[in-house]
Amino acid sequence: MPISATQARTQAGQHQHRLQRANATSLRTTRRQRSGVPTTPLHLREVSNQRAVELGAAIRQQLDAQRVARDIGELTDELAVALQARNRQPTGAPSMAMNVHGVCNQITFALMLTTVLPPNTVRAASNPFPAMRATDHTFPPPDAIVPAWPPGARAMQPDMEMAVRTDDPLLGDVPAVVHAASDAALATCLHSPRWCGTALWTGAGVTAFWAAAATAGYLLSRDTARQYTLDTARLLPPLHFNASELDPTQPACTSLGAHVNRLWEKDSALQRSRTQLGTLDHLRSNALLVCQQLAEQMASETDPDTPARVIGDLWSTGMDEAGIEVAGRAPLQPTLDAIAALTDRPALTAWLFDASARGANPLFDFSVLPDQLHPDTNIAYLAQSGLGLPDSAWYGAQDKQELLAGYEQHVARTLVLSGADADAATRLAADIVTLERALAAASEPFAVLAIDDSRFYNPVSPAQAQHHTPHLSWDAFFKAQGLATPERFSLGMPGFFERLDALLASTPLDTWKAYLQFHATDSAAPCLSSTFVDTHDAFHGGLLKGRQAAVPRFARVMGIIQQEAGDALGPAYAQVAFSPQNERHVKAITRQLTAALDNRLQQCDWMDDPSRSQALQKMDAMRIDIGRPPTWPRWGYVGTSRDSFLGNVQAVRAHAQRRNTALLGTPVETGHWKLTPQTVDAYQDSALNRIVIPAALLQPPLFDPSADEALNYGGIGAIIGHEMAHGFDRIGTFADAHGNEMDWLSPYSRQQFEARAAQLRDQITQYGDAGGAVDSNLTLDENLSDLGGLAIALQAMRQATAGTPDPMIDGMTREQRFFANNALIWRMISTSERAELERATNNHAPGSVRADVAASNLPAFARAFNCTPGTPMARLPADQVRFL
């Protein structure tokens, strides 16, 4: 069931407890005066009407047990007064003395009958007791927070909606007739107590009949889910923080990252098949090994469901090395033949439109996503694509010309594999690179797209789109997708589409056919024979990333499965890797983080009151999904088999495209994720005001249920805090509590925010790694969120451990371990080529920078490690940036 009960915020709990205790009598008096009970004896009906409304609302909102119990007590008192008054009043017949406590017991039973029924909808409950804000009461500073509730006491936190598992039919909506019957029973007990027993038996009968029918339907319709197993001996050993790995020659006050990670960096070496290794890579490797075991079990099932069949077919055909070698280019040949058969430009555009329906259009992307201005509805988005290099800026950059020449050679070699002769391939490769240069010149660079998602949003009518692209019929495009042309869709990057339209009309058809031939082959190469795989990896793995040897086959196949059909693996991964105990533990951490965020927003010195109000509303509406999505994607017919790995990948890709396309014009489904549970990543969705923390992140050293709180809050606590802070960064401050695109900061707060952002940007320019400087503008939002998230996590840890002695483990204080484990997250070594690629196409700073920047801006770090003011990790107050 969703957690939607009401409780005071942790920071305000002590004050509210005193307030409630001091005013208990006046509160009850006020309620009775509102009902009219204490001054004049009333008929039972006059009391019960008011109380039935109040209790009905409380039950429907699933308020906490304490509130319901209190209301039952008040109802008992009021009912006693009213019944006694009734017995004294003349009614034309002798009054009968009634057993008040017996009636109250019946009412309690009626309340229980209604309460056990689940709500009709999954929603965050409104809060009838608004949380106290800083404007109402004075709170102690963050470093001195002493919670009034014990750790984890906010189990009924109302503002974080934990969604119900709606994939189980037994938890479906309760029919209105059942609610009506239970409500009628309650009303009868209140209005006519002597008929209460009959009413309760009637309500119970209706409820029992529904429960029996629902159970029977559930048993008949449910899938017999297979229980998958996990052999932990086949996994990597867990990675834990180890104080003995700290480098005493690297003072923490100079660089926390070096203090924690330098010895490991010296002792570690990359395998030839790897381009990067670090803490998060260790977690990814373990998640992949778990998925390998799941794929093996699915491949051996005799009667699999659709997701297991898809995974089993992909795994079996992908690991059939001998069959793939024998097949050679044959699985790709139908696509190559279709391209070769194109005879004119209408046929070319028709092929592109059909490729979009299969999720295989190399020139532009088509997807259905929430409308940025109306985030409750899905609309169509078209966006730029078409390039073989990672960033459009590389085509014109002088320092990338050698790489561009290597790409042209890769194009020629790939064309030869697709059937072209060597001379023609060399000539056509030059033409293809020239064509991509023209497309790149009209494309937005990654550094812009990563920080400005408005570039994807350009809502137009079909007529307006046609004006931009006179040679592309959008009516024909949507018809090819099996859709009616929408009245409005987003033609992102209109300059790109205008240039594409002109190139479709002016570039020779043979060049376009060669372009399509190359990209079809390059995309399919990892699924084909070793010659194709080696050619593909020589450029994409070797030249771009510095890989020196092939990735093991099982890892490559699992990577493809995760990319194309990861959703099908998600339920099984969650089953074996995400226990209920871990879920409860992480949710307890999340509640402490939410309390800390609340307090820090109330004290945020760069927000004025109007902006603070908006920020608190956004926090109140924020939803955090832990471990797995509330609902699993539905898999219809996919068409996989045990015949062809490439054919299976193409079938899954086409199915995913159809599934996404079918969402056009429908309400946004909030239960689905953009990540799978087995993905080592997290995200904050501005359109849905939601944070997603997949199960694969819940591994040591980020999360360990047996570890001390310092390690967990410095690990997963800081990660969740980071995602929370994204709600208030450059992008987050342009999306309100409901995902609507708007600037909710006042002019004053916007100015203050930009000043702090500029100060942090200046700090980042002073950092770099072995490959060069860090782009301080590209990485700004992530650096802001690192800073805010670490501050939130630190305060949450203090709340969770308040009143408990510092265990002083390995001679380190709790806060020293908190900061050290956070630095451990960012441990990483990589090839120079991979580091360069990451700097250009990753909006996160290198790990060595992330380990230092956030901590160096927190005074608590300098106190924890006794740093001298002015040292690199102990910035002077004027140089510190406080974001949240």
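Just so it is clear, the model here is predicted, and its values are computed rather than measured. (Residues numbered from 1 in each chain as written. Predicted model: local features only at pLDDT ≥ 70, side-chain atom pairs only at ≥ 80, totals over all residues. Heavy atoms only, no water.)

A word on the overall build of the protein. Counting secondary structure elements, the protein contains 32 helices and 11 strands. Within the protein, the proportion of its 884 residues that are buried is 53%. Restricting to contacts in the protein with at least 6 residues of sequence separation, those with at least 24 account for 77%. When the accessible surface of the protein is summed, it comes to about 37,400 Å², and 55% of that surface belongs to carbon and sulfur atoms. (Helix = DSSP H or I, 4+ residues; strand = E, 2+ residues; numbered from the N terminus. Buried < 20%, exposed > 50% of the residue type's maximum accessible area, 1.4 Å probe, protein only. Contact = heavy atoms within 4.5 Å. Areas by Shrake-Rupley, 256 points an atom, 1.4 Å probe, with all protein chains shown as cover.)

Paired through backbone hydrogen bonds, the strands of a sheet run either parallel or antiparallel to each other. Spatially, 3 strands are ordered S6-S8-S7 in an open sheet, and the strand pairing comes out mixed. Each edge of the sheet is formed by a strand with only one pairing partner; in this case those strands are strand S6 (623-627) and strand S7 (683-685). Each neighbouring strand pair of the sheet contributes to a mean axis angle of 20°, computed without reference to strand direction. Here 3 bridges tie S7 to strand S8 (residues 690-694), and the two strands are oriented antiparallel to one another. Bridge pairing in S8 links Gln684 to Ile691. (Pairing = 2+ DSSP bridges. Axes fitted to C-alpha atoms, helices over the stretch in contact; angles between N-to-C directions.)

Disulfide: a covalent bond connecting the sulfur atoms of a pair of cysteines. Counting across every chain of the model gives 1 disulfide. Shown here is the disulfide that connects Cys253 with Cys867, its sulfur atoms set 2.0 Å apart. Judged by the sign of its S-S torsion, about -85°, the bond between Cys253 and Cys867 is left-handed. Taken together, the residues span a long stretch of sequence, with Cys253 in the loop between helix H7 (196-221) and helix H8 (256-267) and Cys867 in the segment after helix H32 (859-864) at a distance of 614 residues. Relative accessible area serves as the criterion here: at 15%, Cys253 is assigned to the buried category. (Disulfide = S-S within 2.5 Å.)

With that out of the way, let us pick up the packing of helix H23 (residues 580-602) against helix H24 (residues 609-621). Viewed as axis vectors pointing N to C, H23 and H24 meet at an angle of 170°, and their least axial separation amounts to 10 Å. Classified by the angle between their axes, H23 and H24 sit roughly antiparallel to one another. Here Thr594, Leu597, Asp598, Leu601 and Gln602 of H23 lie close against H24, whose contacting residues are Arg612, Ala615, Leu616 and Met619. Counted by class, the contact of H23 with H24 contains 5 nonpolar, 2 polar and 2 charged residues. (Parallel < 35°, antiparallel > 145°, perpendicular 65-115°, else oblique. Nonpolar A, V, L, I, M, F, W, Y, C, P; charged D, E, K, R; others polar.)

Before going further, it helps to examine the sheet that holds strand S2 (residues 364-370). The mixed open sheet is built from 4 strands, whose spatial order is S2-S3-S5-S4. In this open sheet, the two strands that pair with only one neighbour each are S2 and strand S4 (459-460). Taken together, the 2 bridges between S4 and strand S5 (residues 489-491) define a ladder with antiparallel strand orientation. Opposite Val460, over in S5, you have Phe489 as the bridge partner.

Take the packing of aromatic side chains next. Tallying each qualifying case throughout the model produces 23 aromatic pairs. Look at Phe364 and Trp474: their rings are 6.2 Å apart centre to centre, the planes differ by 65°, and that puts the pair in the edge-to-face class. Taken together, the residues span a long stretch of sequence, with Phe364 in strand S2 and Trp474 in helix H18 (residues 474-480) at a distance of 110 residues. Trp474 matches Phe364 in its accessibility class, with the two residues each being buried. (Phe/Tyr/Trp six-rings, centres within 6.5 Å; stacked < 30°, edge-to-face > 60°.)

With 130 residues, the main nonpolar core has Leu256 and Phe819 as its most contacted residues. Counting residues per element, this core draws most heavily on helix H28 (residues 780-801), which supplies 11 residues. When residues no more than four places from it in sequence are discounted, the contact partners of Leu256 are Phe819, Ala823, Ala851, Asp852, Ala855, Phe861, Phe865 and Met873. Leu342, Val368, Phe477 and Ala520 belong to the second largest nonpolar core, which has 61 residues in total. (Core = buried A, V, L, I, M, F, W, Y, C linked by side-chain atoms within 4.5 Å.)

Two side chains carrying opposite charge are able to pair once their charged atoms lie near each other. As enumerated under the stated definition, the model contains 28 salt bridges in all. The closest approach of N and O atoms between Arg488 and Asp371, which form a salt bridge, is 2.8 Å. Here Asp371 lies in the loop between S2 and strand S3 (378-384) and Arg488 lies in the loop between H18 and S5, a separation of 117 residues in the sequence. Residue Arg488 is classed as partly exposed on the basis of its relative accessible area, which comes to 32%. A salt bridge links Glu444 to Arg455; its shortest N-O distance comes to 2.9 Å. Highlighted residues: Glu444 in the loop between helix H15 (422-441) and helix H16 (446-449) and Arg455 in the loop between H16 and S4, separated in sequence by 11 residues. (Salt bridge = Lys/Arg side-chain N within 4 Å of Asp/Glu carboxyl O.)

Another aspect to go through is the environment of Ala662. Turning to its location among the elements, Ala662 is positioned in the loop between helix H25 (645-661) and S7. Under the relative-accessibility criterion, Ala662 is labelled exposed at 56%. Residues Ala662 and Leu483 lie 179 residues apart in sequence; the distance between their C-alpha atoms is 8.4 Å.

Here Thr188 shows up in helix H6 (residues 176-191). Exposure remark for Thr188: the relative accessible area of 26% places this residue in the partly exposed category. Between the C-alpha atoms of Thr188 and Thr198, which are 10 residues apart in sequence, the distance is 9.3 Å. Ignoring any residue separated from it by four or fewer positions in sequence, one finds Thr188 in contact with Pro193, Trp195 and Ala199.

For H24, with 13 residues, the first-to-last C-alpha span of 18 Å sits near the 18 Å given by 1.5 Å per residue. Considered for burial, the residues of H24 that qualify are Ser611, Arg612, Ala615, Leu616, Lys618, Met619 and Asp620. Tucked into the core, H24 has its buried residues touching H23 and helix H27 (747-764). (Expected span 1.5 Å × (residues − 1).)

For the bond running from Pro700 to Pro701, omega is 5°, close enough to zero to count as cis. Positionally, Pro701 belongs in the loop between S8 and helix H26 (709-726). The phi torsion at Asn689 lies on the positive side, around 50°, for a residue other than glycine. When its relative accessible area of 1% is taken as the criterion, Asn689 is described as buried. One non-glycine residue, Asn866, lies in positive phi territory at about 55°. Structurally, Asn866 can be placed in the segment after H32.

What follows deals with the packing of helix H13 (residues 345-357) against helix H19 (residues 494-506). H19 packs onto H13 with a crossing angle of 135° between their chain directions and a minimal axis gap of 10 Å. Regarding the angle of H13 to H19, the classification is oblique. Here H13 runs over H19; the crossing is right-handed. Contacts from Arg345, Leu348 and Leu352 of H13 reach H19 at Leu504, Ala505 and Ser506. The class makeup of the residues in the contact of H13 with H19 is 4 nonpolar, 1 polar and 1 charged. (Left-handed = near helix turned anticlockwise from the far one by under 90°.)

Interpreting fine coordinate detail is not advised for predicted regions of low pLDDT. In this model, the protein carries an average pLDDT of 83, and 77% of its residues clear a pLDDT of 70 or more. Confidence drops under a pLDDT of 50 for residues 1-98, and excluding neighbours within four residues, the segment shows 164 contacts in the predicted structure. A low-confidence stretch, residues 220-224 stays under pLDDT 50, and its non-local contacts, those more than four residues away or across chains, total 1 contact. (pLDDT = per-residue confidence, 0-100.)

Let us look at the environment of Leu415. Its location among the elements puts Leu415 in helix H14 (residues 401-417). Taking the C-alpha atoms as reference points, Leu415 and Ala429, 14 residues apart in sequence, are found 7.9 Å from one another. Leaving out residues up to four positions away in the same chain, Leu415 has contacts with Ala420, Ala425, Leu428, Ala429, Ile432, Ala514, Gln517 and Phe518.

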